[in-house]
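For reference, the chains in residue letters:
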Amino acid sequence: MGLQTPITTSFDLPDGRTVTIETGKLATQADGSVVIRVGDTMLFCSVVSAKEAREGQPFFPLSVDYQEKYASAGRIPGNFFRREAKLSDYEVLISRLVDRAIRPLFPDGYMNDTQVIINLISGEQEVLPDAFAALAASSALAVSDIPFAGPISEVRVARINGRYVVNPFRSDLEDADLDIIVAATMDNVMMVEGEASEVPESALIEAIKIGHEAIKVQCQAQLELAEKVGEKATVKREFIPPVVDDTVKEIVESNTRDKIHEVAAGALDKVARKEGFKAIIEELMEKLKEEKSEEFMEEYGDEIKGYYDKFKKEVIREMVLTDSRRLDGRKFDEIRDIWCEVDYLPSAHGSAVFTRGETQSLTSLTLGTKQDELMVDTAMDHSFSNFILHYNFPAFSVGEIKPMRGPGRREVGHANLAARSLKKVMPEEMPYTIRIVSDILESNGSSSMATVCAGALALMDGGIQIKAPVSGIAMGMISDGKRTAILSDILGDEDALGDMDFKVTGTENGITACQMDIKIDGLPYEELEKALNQAREGRLHILNEMKKALEAPREDLKPHAPRIVEIIIDKSFIGAVIGPGGKVIQEIQAETGTNINIEEVGDEGVVSIASENKESIDAALARIRRITFTPSVGDTYDAVVKTVMPYGVFVDFMGKSGLLHVSEIDHARVDRVEDFFQEGDEVRVKLIGVDKKTGKLRLSRKALLPRPEGGGGDRDNGRGRDDNRGGGNRRNRD
């Protein structure tokens, strides 16, 4: 039964806000559960881990699910079922941030099913809950008996107007040029992910340092909470890590060491290397079947295969550190061969192929209108995005067979990293909805960085005036505590071998996004700075290779791409342009073949007109300008006579109507208006006034005529109709 008065502890954020962690009140049948409270923002987290592993479980089955309850923001879900359903991409990204931070801290060999569920149960618009999700997960683990080498926490660090701020408010991020999430234990940084506006490497390192200092306070609070809970939290359940039999070690090491080294040092391609390593273990297993008993193979067969994979990594790591040799024969800072091609897809609005070694991305660009914007509907946010990036990773890209399903968490994460990288260089004024699709056709490491490079080229090929080209590079680090190897442009196999892997994207001027996973203890900031500087050199090399295909954005869009023209109208005219039931705007679209969107921004209306045909846009513009036209006193207009009356004529111009009074037709006295005008006549008039009460327009023709000498004139001045545009004395026509 839950406690009505929970066990609590608290700490203060650098800005003075208090964060409270409570346990024992909710979900007491879970192995661990907590509620994190910051003001009115509350996150609930539960964690449950099976007491035993499933038989034959080959990997650690950890699942982390972060979900925001719509009730936390006083909203009802907008989907058909009116309930929370599949995790949104945003929720998947937060789940990944927590997973990457806590997964390395479970014991080696721990294969028990473990589930972490985090829910936003109360929210404030200004408080970003994602920065507290990992704190909730780690706190739940801290008050449980689950073996976990924590605690950890995550914080957001932003540089706002030159000042580093920990866990800033949502609105403050609008002025940030650096925004990262840092995860760390009391002693070590575990994970970093974020975006920046072309900042130097030194700014990123400083943000990480500040974030780590804030995390130490949060870790101490979790330790204090665990002490208050007592033995349930401080005494962890017994877990005996699997120990490899010495016989197995001796068999594997004596029979495979030299063969593994030979394959690893052979500078083979991915497929040949994979087949070479596979052949080694198959040969060993066949040999043992002949030499050992059936009982021996049943008892140790799986253990031999498992230890072989582990030992293989040890041999390769030693080769890299001792021989300074990589799996494909490159130097540590050497980038694989690159070739790029733009305009590969003739019907797309922009396209590029980026190939680096055995990794290849075919990326397309599509330009759309406001109607194509992506609706973002989460508990705390309902908005529309005009920048969409999708990343596809089909099984054939790695020579495998799998059913085609929707994107997984990995695809969502890679797409987000690439999107963050490119959004930072998009032009300020962008009337289009942009969709970039990266199809990975071949993969051997760093396909997300290939997406960044191909995406930048596709944007430039499509004539989008980005601020600067962007490239990305994946880096790795192997270290035994004494020796360190920093590897540029890592292979897929090198990713699995390393103690740190990180991806950095940016322009020639600085970083636009980063993602780091650090798996070793005590990484000095000097080593991190060295790795970032090496990454910068690699990034610049890749940019130079990209420039061989296309150095800068094309001056214009593709001929078949839609053109969008925006005009600003007064807010009061929005209804007139739309018309009753949308009649006017639909009529304009049908007659001109355009797509028109109107958005109210402040006291103005932003009208976007899209078409592949310039003449269609011009026709729609003319119609809208007629509707929204506001005449100015003193301006002249070409008008058409619509009605002739004894006291003057009513004329139409630019969608407006006004009276040309008889006294304003001519300098001489006009007795009969019909002698000067008939319906349909054209006349140039000047606006000389607007009635303040009625808004009626007062027009003049004589103001545009030269005054007769002496300041007057007789009633019949002898002007023929052709003497002046807009009529004349009809009595003189014969």
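Here, every reference points to the structure presented above.
Overview of the structure. Keep in mind the model is a prediction, meaning the values are calculated, not measured.

Brief notes about the overall build of the chain
Phase 1 of the analysis: Per the secondary structure count, the chain includes 14 helices and 29 strands.
Phase 2 of the analysis: For the chain, whose C-alpha radius of gyration is 36 Å, the value lies well above the compact-globule estimate of 27 Å for 734 residues.
Phase 3 of the analysis: Seen along its three principal axes, the alpha-carbon backbone of the chain occupies a region of about 130 × 65 × 45 Å.
Phase 4 of the analysis: Looking at the chain as a whole, 51% of its 734 residues are labelled buried.
Phase 5 of the analysis: Long-range contacts, defined here as pairs at least 24 residues apart, represent 69% of the contacts in the chain between residues at least 6 apart.
Phase 6 of the analysis: For the chain, the exposed area adds up to about 34,900 Å²; of that, 48% sits on carbon and sulfur atoms.

Some thoughts on the sheet that holds strand β3 (residues 32–38)
Phase 1 of the analysis: The six strands lie next to each other as β1-β2-β3-β4-β6-β5, forming an open sheet whose pairing is mixed. A strand with exactly one partner marks an edge of an open sheet, and here the two such strands are β1 (7–12) and β5 (62–68). Between one strand and the next, the sheet's axes are offset by a mean angle of 15 degrees, whatever the strand orientation.
Phase 2 of the analysis: Where β5 meets strand β6 (residues 114–122), seven bridges bridge the pair, whose relative direction is parallel. Counted as the bridge partner of Gln67 is Asn119 from β6.
Phase 3 of the analysis: With respect to the sheet, helix α1 (residues 89–102) is in contact with β5 and β6, its orientation differing from that of β5 by roughly 140 degrees.

What to know about helix α9 (residues 447–461)
Phase 1 of the analysis: Between its terminal C-alpha atoms α9 stretches 20 Å, which fits the 21 Å expected from 15 residues at 1.5 Å a residue.
Phase 2 of the analysis: Across the 15 residues of α9, 15 count as buried, placing the element largely inside the fold.
Phase 3 of the analysis: Immediately beyond the C-terminal end of α9, within one or two residues, lies Gly463, with a positive phi of roughly 85 degrees.

Side note on the pattern of salt bridges
Phase 1 of the analysis: All told, the structure shown has 48 salt bridges when counted by the stated rule.
Phase 2 of the analysis: A salt bridge links Asp31 to Arg237, with the nearest nitrogen and oxygen atoms 3.2 Å apart. Taken together, the residues Asp31 in the loop between β2 (18–23) and β3 and Arg237 in the loop between α4 (231–234) and α5 (246–264) connect sequence positions 206 residues apart.
Phase 3 of the analysis: Look at Asp31 and you get buried, because its relative accessible area is 12%.
Phase 4 of the analysis: Arg317 is the partner of Asp499 in a salt bridge, and the nearest nitrogen-oxygen pair spans 3.0 Å. A residue pair is termed long-range when its members are at least 10 positions apart, and Asp499 in the loop between α10 (492–497) and β20 (500–506) and Arg317 in helix α7 (residues 294–323) qualify at 182 residues.
Phase 5 of the analysis: Since its relative accessible area comes to 11%, Asp499 is described here as buried.
Phase 6 of the analysis: Each of Asp328, Arg330, Arg336, Arg356 and Asp489 takes part in salt bridges that share partners, so that together they form one network.

Considerations on the environment of Met404
Phase 1 of the analysis: With respect to the helices and strands, Met404 occurs in the loop between β16 (387–392) and α8 (409–423).
Phase 2 of the analysis: Accessibility expressed as a relative area gives 67% for Met404, which makes it exposed.
Phase 3 of the analysis: For the pair Met404 and Glu253, spaced 151 residues apart in the sequence, the C-alpha separation amounts to 40 Å.

Quick notes on the rules
Residues numbered from 1 in each chain as written. Predicted model: local features only at pLDDT ≥ 70, side-chain atom pairs only at ≥ 80, totals over all residues. Heavy atoms only, no water. Helix = DSSP H or I, 4+ residues; strand = E, 2+ residues; numbered from the N terminus. Rg over C-alpha atoms; globule rule 2.2 N^0.38 Å. Buried < 20%, exposed > 50% of the residue type's maximum accessible area, 1.4 Å probe, protein only. Contact = heavy atoms within 4.5 Å. Areas by Shrake-Rupley, 256 points an atom, 1.4 Å probe, with all protein chains shown as cover. Pairing = 2+ DSSP bridges. Axes fitted to C-alpha atoms, helices over the stretch in contact; angles between N-to-C directions. Expected span 1.5 Å × (residues − 1). Salt bridge = Lys/Arg side-chain N within 4 Å of Asp/Glu carboxyl O.

Honestly, that's just the spatial picture; any functional story needs more than this.
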